[in-house]
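One letter stands for each residue in the lines below.
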Amino acid sequence: MEKKTIVVLSGAGVSAESGVKTFRDHNGLWENHRIEDVATPEAWNRDQELVLKFYNQRRKQALEVEPNAAHYAIAELEKFFEVKVITQNVDNLHERAGSTNVLHLHGELFKARSTKNPNLIYDIEGWELKLGDLCEEGSQLRPHIVWFGEGVPMMEPAIEIAGKADIFIVIGTSLVVYPAAGLYRYTKPDTPIYIIDVNRPDINFSDNMTFIQDKATSGMNYLKDLLIEKYSNS
């Protein structure tokens, strides 16, 4: 029997339980930097060294944390379902936990790309990307991150994936950051949608939507067991 397809949309709340700091804390700063100074095209044009240093620290931090129970629960679902993860996170914790089909909406922390040719993308070994690190065409490498004010090139593939979901899970995101927040609307009519978050998102809930008020780790483990029992043999 053909496996059902589960699509998981994950956000910062999943990585937060591993100790990854979310991009904006209560004072509006990110590691004591204004977003505008480290995560926009204008910031890059103004001070490449600062931006590189900032993302080097993000990479270093990401290497010091481990996937958590939510990452592992999502990966474990692959034993029973076809699982596709669409993540707003730039870390590689889903992959490290064993998920094999991960689409990164906002870029990937451990990749760099050419400033001249966006099709030239490279893996970063370790955690440092420096001024003078060049692509094969001779231009400076930049973090392979979607900055504020830039388009989201992976949005179209993500919409296509959402449309093929038999079950759609939203975890660790408050559904306020667009365009990712609207992805659940591209599912087929009556597709079961499960939303796991500590706070109930401010959206209109329809009959096919189930809200699980819990943190990512315990909520995802609960949902994993529920889905396996309910759907894996159907």
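Let me begin by describing the structure that accompanies this report. From a predicted model like this one, the values you see are computed outputs, not experimental measurements. (Residues numbered from 1 in each chain as written. Predicted model: local features only at pLDDT ≥ 70, side-chain atom pairs only at ≥ 80, totals over all residues. Heavy atoms only, no water.)

**A closer look at the environment of Asn119**
Here comes step 1: Inspection of the secondary structure puts Asn119 in the loop between β6 (107-114) and β7 (121-123).
Here comes step 2: Residues Asn119 and Ile193, spaced 74 residues apart in sequence, show a C-alpha to C-alpha distance of 34 Å. (Helix = DSSP H or I, 4+ residues; strand = E, 2+ residues; numbered from the N terminus.)

**A short note on the side chain of Ser15**
Here comes step 1: For Ser15, the location among the structural elements is in helix α1 (residues 12-16).
Here comes step 2: By relative accessible area, Ser15 is classed as buried at 2%.
Here comes step 3: Polar side-chain contacts of Ser15 include one of 2.5 Å to the side chain of Asp91.
Here comes step 4: Ignoring anything within four residues of it in the chain, the contact list for Ser15 reads Val20, His71, Asn89, Asp91 and Leu93. (Buried < 20%, exposed > 50% of the residue type's maximum accessible area, 1.4 Å probe, protein only. Polar contact = N/O pair within 3.5 Å; in protein donor to acceptor, adjacent residues only side chain to side chain. Contact = heavy atoms within 4.5 Å.)

**Describing the packing of helix α5 (residues 69-76) against helix α8 (residues 216-231)**
Here comes step 1: Two elements in contact, α5 and α8, have axes whose closest approach is 7 Å; the angle formed by their N-to-C orientations is 20°. By the angle between their axes, α5 is roughly parallel relative to α8. Judged by the twist between their axes, the crossing of α5 over α8 is left-handed. Counting all contacts with α5, which are made through Ala69, Ala70, Ala73, Ile74 and Glu76, the residues of α8 involved are Ala216, Thr217, Met220, Asn221 and Lys224.
Here comes step 2: A breakdown of the residues in the contact of α5 with α8 according to their chemical character gives six nonpolar, two polar and two charged. (Axes fitted to C-alpha atoms, helices over the stretch in contact; angles between N-to-C directions. Parallel < 35°, antiparallel > 145°, perpendicular 65-115°, else oblique. Left-handed = near helix turned anticlockwise from the far one by under 90°. Nonpolar A, V, L, I, M, F, W, Y, C, P; charged D, E, K, R; others polar.)

**Observations regarding helix α4 (residues 48-63)**
Here comes step 1: Taking 1.5 Å of rise per residue, 16 residues should cover 22 Å, and α4 covers 23 Å from first to last C-alpha, within 8% of that figure.
Here comes step 2: Among all positions of α4, only Val51, Leu52, Phe54, Tyr55, Asn56, Arg58, Arg59, Gln61 and Ala62 are buried. (Expected span 1.5 Å × (residues − 1).)

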